[in-house]
Amino acid sequence: HSPSQSRNTPLIQNTPPVTSEPLSLEQLRAFIGDCTRCPLHSGRKNIVFGEGNPTPDLVMVGEGPGFDEDRLGRPFVGRAGQLLDKIIAAMGLKREELYICNVVKCRPPQNRDPEPDETEICGRFLKQQISILKPKMILSLGRISGRYLTGNDSASIRSMRGKFHSWNGFPVRVTYHPAAILRNREYRRPVWEDVQTVMAELGRPLKRS
């Protein structure tokens, strides 16, 4: 790099800053690189950075990659992802209209819950991702994501649902993870209520059902 290039390129050392002029998604992904910052790297095949509209109204944040996501390097592509696609369609959206990512970007072994130090390290990248995306709304999918985005590391989904939270100035709504709906069909109704609320807040209200 020439000196002038260096001056014009945002440089980050240990962790990416959250600034009023953040890096681009591409620069952030390049900075993450072949990440070895936490123990999760040792078992992963692929980093699952996130995908979708770089200027979305809505960002969906899950917990972490599963088997299929790790294999393909894409978020929500397994059975839970197929159900999420149906939820997105019911919201009157296409997947490419929003942005989908996770709190941690490497698959935890045997799909265990991420440890606090893992979410702390990887959460810095999520924070920078969200500051670049500048969504109007974040929809948190599941307990792990909800706890991270509300700052309450022992809250239940039930206690986090039904209200708006704020994370770094962005409104957050918490709902059940699609994988939970696959295990318990009773969660379909509360999830539908949550996405109706989100879409109404975004000025695209859904028909009640």
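Remember, predicted model here, so these are calculated numbers, not experimental data.

Q: Explanation requested: the sheet that holds strand β6 (residues 170–175) in the structure shown.
A: Strands in a sheet are paired, the pairing made by backbone hydrogen bonds, and the direction either parallel or antiparallel. Here we have six strands laid out as an open sheet, ordered β1-β3-β2-β4-β6-β5, and mixed in their pairing. One side of each edge strand has no neighbouring strand; the edge strands of this open sheet are β1 (51–52) and β5 (165–167). Of the strand pairs in this sheet, strand β2 (residues 58–62) and strand β3 (residues 99–102) are connected by four bridges, and their pairing is parallel. Residue pairing for β3: Val61 is matched across the bridge by Cys101. Along the sheet face, helix α6 (residues 143–150) touches β2, β4 (137–141), β5 and β6 and points at about 135 degrees away from the line of β4.

Q: I tried to follow the nonpolar core on my own but got confused; where do I start?
A: Nonpolar side chains tend toward joint burial in soluble globular proteins. Core analysis: the largest hydrophobic core is formed by 57 residues, its most contacted members being Leu58, Met60, Val61 and Leu126. Sorting elements by how many residues they give to this core places helix α5 (residues 116–133) first, with six residues. With near-sequence residues (within four places) excluded, Leu58 lies in contact with Met91, Leu93, Leu98, Tyr99, Pro135, Met137, Ile138, Leu139, Val198 and Leu202.

Q: Looking at this structure, I do not really get the pairing of β3. What am I missing?
A: Two faces, one strand: in a regular strand the side chains alternate between the faces of the sheet. Burial of β3 is two-sided: the residues Tyr99 and Cys101 facing one way and the residues Ile100 and Asn102 facing the other way are all buried. Where β1 meets β3, two bridges bridge the pair, whose relative direction is antiparallel. Counted as the bridge partner of Gly52 is Tyr99 from β3.

Q: Where do I start with the state of the cysteines in this structure?
A: Covalent bonding between the sulfur atoms of two cysteines is what defines a disulfide. According to the stated counting rule, one finds zero disulfides in the structure shown. Between Cys35, a free cysteine, and Cys106, which holds the nearest cysteine sulfur, the sulfur-to-sulfur gap is 6.2 Å.

What counts, and where the lines are drawn
Residues numbered from 1 in each chain as written. Predicted model: local features only at pLDDT ≥ 70, side-chain atom pairs only at ≥ 80, totals over all residues. Heavy atoms only, no water. Pairing = 2+ DSSP bridges. Helix = DSSP H or I, 4+ residues; strand = E, 2+ residues; numbered from the N terminus. Contact = heavy atoms within 4.5 Å. Axes fitted to C-alpha atoms, helices over the stretch in contact; angles between N-to-C directions. Core = buried A, V, L, I, M, F, W, Y, C linked by side-chain atoms within 4.5 Å. Buried < 20%, exposed > 50% of the residue type's maximum accessible area, 1.4 Å probe, protein only. Disulfide = S-S within 2.5 Å.

Purely geometric numbers; function is a separate question.
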